[in-house]
Amino acid sequence: WTPGEAQQLRQYMEDGGIVLLSVGWEERIPSAALLDMLGLGIRSMPLARQTIARGQESISFVELWPIEGARDTDVIWAEYESLPTMLFRPIGRGGCVLVADSQFFHSRNLECYDGKRFTPGNIRYVTRMIQTLSSLQASHAADGVSSSVPVAGPAANGALPGTEVPHVGSGD
């Protein structure tokens, strides 16, 4: 992304748009302008392939990295050993979901993790993520909301109010 494109995406988010960004440390350079504009980064600490579970919910990652620059206003949707790895950053009426794994949304991670079977936990998780973000957009459109996005903090298990997107983390 160029700085101009990053600014256009910022305006899109401020106007209620949602950006899904899936990027790991090794692929961060093309996304540097967007990450800088968001005040986020990817830490050079490979967490490798991980399945992060909490209770009966789990999601699988191919090449996981920690996110740098998380704020109290962010909603942490996944973490590994207290390091955020997936978060929602509210921007205006919209925001950005950052997944610190360039391959998270690839079909092999959703439909065929090991080349032999699909990954139902990831499919359910991404489905709920999209439903949550769609509900957020719909509520803003219906209310004509122009203030910042109301989000719950990590103490509320990282879910937006009235949603079921689970916060998952290791060691829970």
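Structural notes, computed from the coordinates. (Residues numbered from 1 in each chain as written. Predicted model: local features only at pLDDT ≥ 70, side-chain atom pairs only at ≥ 80, totals over all residues. Heavy atoms only, no water.)

**Things to note about the overall build of the protein chain**
Then, in step 1: Counting secondary structure elements, the protein chain contains 4 helices and 9 strands.
Then, in step 2: Counting helices and strands in the order they occur from the N terminus, the protein chain gives α-β-α-β-β-β-β-β-β-β-α-α-β.
Then, in step 3: Taking all 172 residues of the protein chain together, the buried fraction comes to 48%.
Then, in step 4: Relative to all contacts within the protein chain whose residues are 6 or more apart in sequence, the contacts with residues 24 or more apart total 61%. (Helix = DSSP H or I, 4+ residues; strand = E, 2+ residues; numbered from the N terminus. Buried < 20%, exposed > 50% of the residue type's maximum accessible area, 1.4 Å probe, protein only. Contact = heavy atoms within 4.5 Å.)

**What to know about the pairing of strand 8 (residues 94-99)**
Then, in step 1: Most of strand 8 is tucked away: 6 of the 6 residues are buried.
Then, in step 2: Side chains Gly94, Cys96 and Leu98 project from strand 8 onto one buried face, and the interleaved Gly95, Val97 and Val99 project onto a second face that is buried too.
Then, in step 3: Bridge count between strand 1 (residues 18-22) and strand 8: 5 bridges; the pairing is parallel. Paired with Ser22 across the bridge in strand 8 is Val99. (Pairing = 2+ DSSP bridges.)

**Some details on the packing of aromatic side chains**
Then, in step 1: This structure, assessed with the given rule, holds 4 aromatic pairs.
Then, in step 2: Ring geometry for Trp25 against Trp65: centres 5.9 Å apart, planes inclined by 35°, an arrangement best described as tilted. Pair noted here: Trp25 is in the loop between strand 1 and helix 2 (32-38) and Trp65 is in the loop between strand 4 (57-64) and strand 5 (67-68), with a separation of 40 residues, a long-range link.
Then, in step 3: Geometrically, the ring pair formed by Phe104 and Phe105 is edge-to-face, given 5.1 Å between the ring centres and 80° between the ring planes.
Then, in step 4: Three or more aromatic residues joined by ring pairs form one cluster here, namely Phe61, Phe104 and Phe105.
Then, in step 5: Sitting above the plane of the Trp25 ring, Arg28 keeps its charged end 4.0 Å from the centroid. (Phe/Tyr/Trp six-rings, centres within 6.5 Å; stacked < 30°, edge-to-face > 60°. Lys NZ or Arg CZ within 6 Å of the ring centre and 35° of its normal.)

**Quick notes on the environment of Ala78**
Then, in step 1: Summarising the element assignment, Ala78 is placed in strand 6 (residues 75-80).
Then, in step 2: Separated by 25 residues in the primary sequence, Ala78 and Ala53 have C-alpha atoms spaced 9.4 Å apart.

**Thoughts on the nonpolar core**
Side chains that are nonpolar tend, in soluble globular proteins, to be buried together.
Then, in step 1: Of all hydrophobic cores here, the largest spans 21 residues; its most connected members are Phe61, Trp77, Met86, Phe88, Val97, Met129 and Leu133.
Then, in step 2: Put simply, the parts of the chain that give this core at least two residues each are strand 4, strand 6, strand 7 (83-91), strand 8 and helix 4 (120-143).
Then, in step 3: Here the element with the most residues in this core is helix 4; it accounts for 5 residues.
Then, in step 4: Within the second largest apolar cluster, 20 residues are counted, among which are Ala33, Leu35, Leu40 and Leu98. (Core = buried A, V, L, I, M, F, W, Y, C linked by side-chain atoms within 4.5 Å.)

**Looking at the environment of Trp25**
Then, in step 1: On the basis of relative accessible area, Trp25 is assigned to the partly exposed category, the value being 25%.
Then, in step 2: Expressed as a C-alpha distance, the spacing of Trp25 and Glu63, which sit 38 residues apart in the sequence, is 9.2 Å.
Then, in step 3: In contact with Trp25, not counting residues within four places along its chain, are Ile42, Arg43, Ser44 and Trp65.

**Focus: the pattern of salt bridges**
Then, in step 1: Scanning the model with the defined rule gives 2 salt bridges in all.
Then, in step 2: With its nearest N and O atoms 3.1 Å apart, the salt bridge here joins Arg10 to Glu14. Of this pair, Arg10 and Glu14 both sit in helix 1 (residues 3-14), 4 residues apart, roughly one helical turn.
Then, in step 3: For Glu14, a relative accessible area of 30% puts it in the partly exposed group.
Then, in step 4: Measuring nitrogen to oxygen at the nearest pair gives 2.6 Å for the salt bridge that ties Arg89 to Asp74. Separated by 15 residues along the polypeptide, Arg89 in strand 7 and Asp74 in the loop between strand 5 and strand 6 bring together distant segments of the chain.
Then, in step 5: Residue class for Arg89 comes out buried when judged on its relative accessible area of 1%. (Salt bridge = Lys/Arg side-chain N within 4 Å of Asp/Glu carboxyl O.)

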